[in-house]
Amino acid sequence: MEVCMMYVYHENEIRQIDKQAVAQGLSMYTLMENAGSGLFQHIQSLLNENDRILILAGKGNNGGDGIVLARYLKMHGYQVTLTFPLGEPKTKVAKEHLRYYESQGFSVDLWNQEQTYDVIIDSLLGIGTKLPLHKNIQEIITWCNQKDALKISIDLPTGVQADHGKVDEAIIADYTFCLHGYKPAAFLLPASQFFGNIQVVDIGLKQTSNIRLLTKTDVQKTWPLRQQAGHKGTFGTSLLIAGSDHMPGSALLAGIGAIRTGTGKLTIATTTKAASMITPRVPEATFLLNGLQKIANGVIPEKVAAIGIGPGLDDQQQVISALQTLNETDLPLVIDAGGLIPLEQWKQKNNRKQPIVITPHPGEFSRLTNKSIEDIQANRITLAKNYAKTHGITVVLKGQYTVIAFPHGEACINPTGNNALAKGGSGDVLTGMIVSMLTTHNHWQDAVNNAVYLHGLCGDVWVEHNSSASMVASDFDQLLPTVIRSIETSTNIQ
């Protein structure tokens, strides 16, 4: 995915922005002109001069964008067929652009389903899509998907709703050019599978959304500079409450995530058996033996800067007691895996000064919200935001396009990562990374964002030279130094 403009807008926000622009003196006619002109600038590089291009324009403003694009393409000598398979435009501004298009001597053609095309441009529905689709639209979608042509959608592939991941059927686009900003569906399942390569077209409006994509530039700008004269105390102490006799590896992997991402000291509260297995791989760690029990009884090591709890824990009664102890501290707290189970009954709203960060995968979030996994994947941005606001906590909803929802209403979507991370233990590493970065960053929100971004980037670096199926969570031990170096030096990883 090419990332250019980083903001995400719901359907109602786009409509409101259009109204505000008109109220401030920017006409809808100009906005549509800007959209068509911008689309031409982006699409031109994908075309050959001899391509036979079909523009399927709808009756609304999405169709109007297609009309303006058709005019620019014809002005530059391209072979373009503009047609209205659903009927001619109904909105005032689209009608005005059609009149101007025809005044330039350009014609509208009947849709000939027997004709072959090299490029099909879909400007049928846009953000106005509602399910179920009418039969005639379904027939157009089927026709398009059967054609061996480059398929380009404007704003949204026809059949995809702007705000939701649910799809009955939709045009399978090779490219989608979103106007002004991304739409949530581009990051929801199964809708995101229909977009192809996504790019954003600037139409001259101010960016105002509280949802945005993370970028490498974001991470570089907020990455902490390490003091040359710093010592281990300078960079904070991380406490991980993790691991059991049955799952010692979870604590080991969380420890790798923590020790490789900047924390000055690491203490792991775990069992004696788990500690013996962790020591050879993370010799830098110190241990609080029988740690979960001690934390549950109110024992917390001194000078701790951030705490993580959950990976590999299996004694739920002690976890509940430990969470009660930790909730009373004035320390950042990250809750994952076994630590999330007690939260299924957690109704309180967090009023601590320091943040609580939970890191559920969709299955865990399903139990927390009583929503099906299918519903979560189709509406993960809104659900994560609502949960974060309701409970006053930060939600890191893991998966493709991990959502980071903050309690004050803002959310970030992480574009890094792939199915190489779909292995047991990968989430444990992330927990350790977040805890560690909470000890080193000036702002805790940056710590969470950066940990999630770098975690995904490790998976992207892995697949550049290896099979995604072959990555295991312990590979983070070698990947993290290289990935972090690329952030510190502003270089691309080879």
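For the structure, see preceding data.
Residues numbered from 1 in each chain as written. Predicted model: local features only at pLDDT ≥ 70, side-chain atom pairs only at ≥ 80, totals over all residues. Heavy atoms only, no water.

A. Here's a closer look at the overall build of the chain. Helix and strand counts for the chain come out as 16 helices and 16 strands. Computed over C-alpha atoms, the radius of gyration of the chain comes to 26 Å, within 12% of the 23 Å expected from 2.2 N^0.38 for 494 residues, which places it in the range of a compact globule. Oriented by its inertia axes, the alpha-carbon framework of the chain measures out at about 80 × 45 × 40 Å. Here the chain holds 494 residues, and 56% of them are scored as buried. Put simply, 71% of the contacts in the chain that link residues at least 6 apart link residues at least 24 apart. Of the side chains in the chain, 40 bear a positive and 44 a negative charge, and the two mean positions are spaced by 5 Å. (Helix = DSSP H or I, 4+ residues; strand = E, 2+ residues; numbered from the N terminus. Rg over C-alpha atoms; globule rule 2.2 N^0.38 Å. Buried < 20%, exposed > 50% of the residue type's maximum accessible area, 1.4 Å probe, protein only. Contact = heavy atoms within 4.5 Å. Lys, Arg positive; Asp, Glu negative; His and termini not counted. Charge placed at Lys NZ, Arg CZ, Asp CG, Glu CD.)

B. Representation of the nonpolar core in the model. Ranked by internal contacts, the top residues of the largest apolar core, which has 96 residues, are Ile241, Ile358 and Val395. Non-local contacts of Ile241, meaning those with residues more than four positions away in its chain, are made with Ala269, Leu292, Ile295, Ile307, Gly308, Ile309, Gly310, Pro311, Leu313 and Leu326. Core analysis: the next-biggest nonpolar cluster, separate from the first, contains 51 residues, Val219, Val435, Ala447 and Leu479 among them. (Core = buried A, V, L, I, M, F, W, Y, C linked by side-chain atoms within 4.5 Å.)

C. Representation of empty space enclosed by the protein within the structure. As enumerated under the stated definition, the model contains one cavity of 30 Å³ or more in all. Forming the walls of the largest cavity are Ala337, Leu340, Ile341, Glu344, Glu364, Arg367 and Leu368. (1 Å grid on protein atoms, 1.4 Å probe; cavity = no way out; pocket = protein on both sides within 12 Å on 5 of 7 lines; lining within 4 Å. Points joined across faces, edges and corners; volume = space filled by probe spheres on them.)

D. Quick peek at the pattern of salt bridges. Counted under the stated rule, the structure contains nine salt bridges. Notably, a salt bridge pairs Arg15 with Glu11, separated by 3.0 Å at the nearest N-O pair. Of this pair, Arg15 and Glu11 both sit in helix H1 (residues 11-23), four residues apart, which is roughly one turn of that helix. Residue Glu11 is classed as buried on the basis of its relative accessible area, which comes to 16%. Two residues, Arg52 and Asp118, come together in a salt bridge whose shortest N-O distance is 3.1 Å. On the criterion of sequence distance, the pair formed by Arg52 in strand E1 (residues 52-57) and Asp118 in the loop between helix H4 (92-103) and strand E3 (119-123) is long-range, its members being 66 residues apart. (Salt bridge = Lys/Arg side-chain N within 4 Å of Asp/Glu carboxyl O.)

E. Representation of the packing of helix H2 (residues 28-43) against helix H3 (residues 61-75) in the model. Contact geometry for H2 and H3: axes closest at 8 Å, N-to-C directions at 55°. Overall, the two elements H2 and H3 adopt an arrangement that is oblique. Helix-helix and strand crossings are classified by hand; for H2 and H3 the assignment is right-handed. On H3, the residues touching Met28, Met32, Glu33, Ala35, Gly36, Ser37, Leu39, Phe40 and Ile43 of H2 are Asn61, Gly64, Asp65, Val68, Leu69, Arg71, Tyr72 and Leu73. Counted by class, the contact of H2 with H3 contains 10 nonpolar, four polar and three charged residues. (Axes fitted to C-alpha atoms, helices over the stretch in contact; angles between N-to-C directions. Parallel < 35°, antiparallel > 145°, perpendicular 65-115°, else oblique. Left-handed = near helix turned anticlockwise from the far one by under 90°. Nonpolar A, V, L, I, M, F, W, Y, C, P; charged D, E, K, R; others polar.)

F. Inspection of helix H15 (residues 444-463) at higher detail. Counted at 1.5 Å a residue, the expected span for H15 with its 20 residues is 28 Å, and the 30 Å between its end C-alpha atoms agrees. Of all the 20 residues making up H15, 15 are buried; the element is thus mostly covered by neighbouring parts of the structure. (Expected span 1.5 Å × (residues − 1).)

G. Representation of the sheet that holds E1. A sheet is described by the order of its strands in space; here six strands give the open sequence E2-E1-E3-E4-E5-E6, paired in parallel fashion. Of all the strands in the sheet, the pair left with one neighbour each is strand E2 (79-83) and strand E6 (197-201). Adjacent strand axes in the sheet meet at a mean angle of 20° when their direction is disregarded. (Pairing = 2+ DSSP bridges.)

H. How the structure looks around a positive patch on the surface. A cluster of basic side chains, namely Lys59, Lys90, Lys95 and Arg99, defines a positive patch on the protein surface. Its place among the elements puts Arg99 in helix H4. Of the residues examined, Arg99 reaches a relative accessible area of 52% and is grouped as exposed. (Patch = residues over 30% accessible without salt bridge, like charges linked within 9 Å, V, L, I, M, F, W, Y side chains within 5 Å. Areas by Shrake-Rupley, 256 points an atom, 1.4 Å probe, with all protein chains shown as cover.)

I. Molecular detail of the layout of surface pockets. Approximately 910 Å³ is the volume found for the largest pocket. Thr416, Gly417, Asn418, Leu421 and Gly456 are, among the 39 residues lining the largest pocket, the residues nearest its centre. Split by residue class, the lining of the largest pocket holds 14 nonpolar, 17 polar and eight charged. For the second largest pocket, the calculated volume is near 760 Å³. Lining the second largest pocket are 32 residues; nearest its centre among them are Asn61, Asn62, Leu125, Ile127 and Gly128. Mapped by element, the contributors of at least two residues to the lining of the second largest pocket are H1, H2, H3 and helix H5 (135-146). Here the residues of the lining of the second largest pocket sort into 15 nonpolar, nine polar and eight charged.

J. Main features of the sheet that holds strand E16 (residues 411-413). One open sheet holds the 10 strands; their spatial order is E7-E16-E15-E14-E13-E12-E11-E8-E9-E10, and the pairing between them is mixed. The open sheet has two free edges, formed respectively by strand E7 (211-213) and strand E10 (286-289), since each of these has just one partner strand. Between one strand axis and the next, the sheet turns by 15° as a mean value, whatever way the strands run. Looking at chain direction, strand E15 (residues 403-405) and E16 are connected through three bridges and run antiparallel.

K. Summary view of the pairing of strand E8 (residues 237-241). Counting buried positions over the five residues of E8 gives five, a clear majority of the element. Neither face of E8 is left uncovered, since the one carrying Thr237, Leu239 and Ile241 and the one carrying Ser238 and Leu240 both have all their residues buried. Where E8 and strand E9 (residues 265-270) come together, five bridges link them in parallel fashion. Of the residues in E9, the one forming a bridge with Leu239 is Thr267. As defined by bridge partners, E8 adjoins strand E11 (residues 306-309) across four bridges and the pair is classed as parallel. Residue Ile241 lies in a different strand from E11, and its bridge partner there is Ile309.

In short, the description is geometric, and any link to function would need to be established separately.
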